[in-house]
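Below, each chain spelled out in residue letters.
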Amino acid sequence: MTLTFYKYQGTGNDFVMIDNRQNLFDKNNTKLVAFLCDRRFGIGADGLILLENHPEVDFKMIYYNADGNQSTMCGNGGRCIVAFAEFLQIVKHETTFEAIDGLHYAKLTDGLIHLQMKDVDTIKVFENHQFLDTGSPHHVQFVEDLVNFDVKTEGSKIRYGQPYNKAGSNVNFVEKINEDTFALRTYERGVEDETLSCGTGATAVAIAMHETGQSTTSTVNLNVQGGQLKVSFTKTENVYKNVMLIGPAKQVFKGEITC
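As the structure is a computational prediction, the values presented were derived from the model and not from experiment.

### Details of the nonpolar core
Thought 1: Core analysis: the largest hydrophobic core is formed by 50 residues, its most contacted members being Met-17, Met-61 and Leu-222.
Thought 2: In terms of residue count, helix H4 (residues 199–211) provides more of this core than any other element does, seven residues in total.
Thought 3: Those residues in contact with Met-61 that lie beyond four places of it in its chain are Ile-49, Leu-50, Met-73, Cys-74, Gly-77, Gly-78, Ile-81, Phe-97, Glu-98, Ala-99 and Ile-100.
Thought 4: Within the second largest apolar cluster, 17 residues are counted, among which are Leu-3, Phe-25, Val-33 and Ile-62.

Listed below in C-alpha cells is the structure:
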C-alpha cells in the first residue's frame, strides 16, 4: 500500500498527518502506526493523527502515540490538525471539531492557532507537585537547573512509579522565569521520552502555576524546547474555563510511503 501523508510540527512536537475522510487507513493496525512514527525506519514523529469526516462538526481527530496506541488529547496535535484542515480547505478562520475528550473550538489568526481546551475543575496540590487532567493526565513539579536536568530518566521514574503505575502520567518539569513566564520540559508517556513541546502539558503547567499562586495573570507564557506557547483562561468558582492553547503550527513536508 502506498500512503500519502503530511508532516506537521507545533513548537517542535511533530506529527504524521493523514487525510482519512475515505476511511482507507487501518485504524487497528498499531504496528503500522508505530512504524510510520519510527524515526529510523519510518517517517518519524511524536504521534500520528487521522482527519476524518464528522456528521455534525467540521471534522474528527483521531490521535495515536508513537507507540502505535490511540491516546488521550494532544494539544499541539489539535493545533496542527486545525492547520491541516485549513490546508485541505475544510475550514477557514475558525472551526469546531471532535477529539477523544469532546468538542474543541479553534480559530486561526496571524499565523497562530488558538485551540480551546477542556475546562479544568480538579487540581490536586501536593507538597512537591501538582496533578491535573487537561485532556491528558499531567504531573507538574519544580526543579532547579532545568537546562541540565535529566528529563528522560527522572520522568520515566515518575511516569511508571506510584501512584501512576502502568497507566502512567505525562511529567512536566518547571522553572519559573518571572510572574507570567515559565520554562518547562516534558516527558510524554506513549513516546516514552522527552518531546520538544507538549500542548496539554503547557496547559497543565499554566493552570497549576496559577492555582498555586506562582502566577496571578490569566495569560501565561511557556518556554518549551521547541519554541513558545501561551495559555489563557478565566477562573470562575474554582473552575478554569475558556482555556486557550496558543501557538504556531506548520506543515513541514508532504510525502508518500510504501508500507
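The discussion continues.
### A short note on the pattern of salt bridges
Think of it this way: side chains of opposite charge can pair up when their charged atoms draw near.
Thought 1: In total, this model carries eleven salt bridges according to the counting rule given.
Thought 2: Asp-46 is the partner of Arg-39 in a salt bridge, and the nearest nitrogen-oxygen pair spans 3.0 Å.
Thought 3: By relative accessible area, which is 7% here, Asp-46 ends up buried.
Thought 4: Where Lys-235 meets Glu-211, a salt bridge forms, and the shortest distance between an N and an O atom there is 3.1 Å. Here the residue Lys-235 occupies a position in strand E15 (residues 227–236), and Glu-211 occupies one in helix H4, the gap between them amounting to 24 residues.
Thought 5: Residue Glu-211 is classed as partly exposed on the basis of its relative accessible area, which comes to 30%.
Thought 6: Ionic contacts of the salt-bridge type, sharing partners, join the residues Lys-7, Asp-14, Arg-39 and Asp-46 into one network.

### Examining helix H1 (residues 30–37)
Thought 1: Taken together, the buried positions of H1 are Leu-32, Val-33, Leu-36 and Cys-37. All buried residues of H1 project into a common sector of 130° when viewed along the axis, lining one side.
Thought 2: On its buried face, H1 sits against strand E1 (2–10), strand E2 (13–19), strand E3 (47–52), strand E4 (59–65) and strand E17 (250–258).

### Some points on the pairing of strand E14 (residues 219–224)
Thought 1: Bridge count between strand E12 (residues 181–188) and E14: three bridges; the pairing is parallel. Within the sheet, the bridge partner assigned to Thr-181 lies in E14 and is Asn-221.
Thought 2: In terms of strand pairing, E14 meets E15 through six bridges, oriented antiparallel. Directly across from Asn-221, in E15, lies its bridge partner Lys-230.

Conventions and cut-offs
- Residues numbered from 1 in each chain as written.
- Predicted model: local features only at pLDDT ≥ 70, side-chain atom pairs only at ≥ 80, totals over all residues.
- Heavy atoms only, no water.
- Core = buried A, V, L, I, M, F, W, Y, C linked by side-chain atoms within 4.5 Å.
- Buried < 20%, exposed > 50% of the residue type's maximum accessible area, 1.4 Å probe, protein only.
- Helix = DSSP H or I, 4+ residues; strand = E, 2+ residues; numbered from the N terminus.
- Contact = heavy atoms within 4.5 Å.
- Salt bridge = Lys/Arg side-chain N within 4 Å of Asp/Glu carboxyl O.
- Arc of directions from axis to C-beta.
- Pairing = 2+ DSSP bridges.

The values reported here are purely geometric and, on their own, carry no functional implication.
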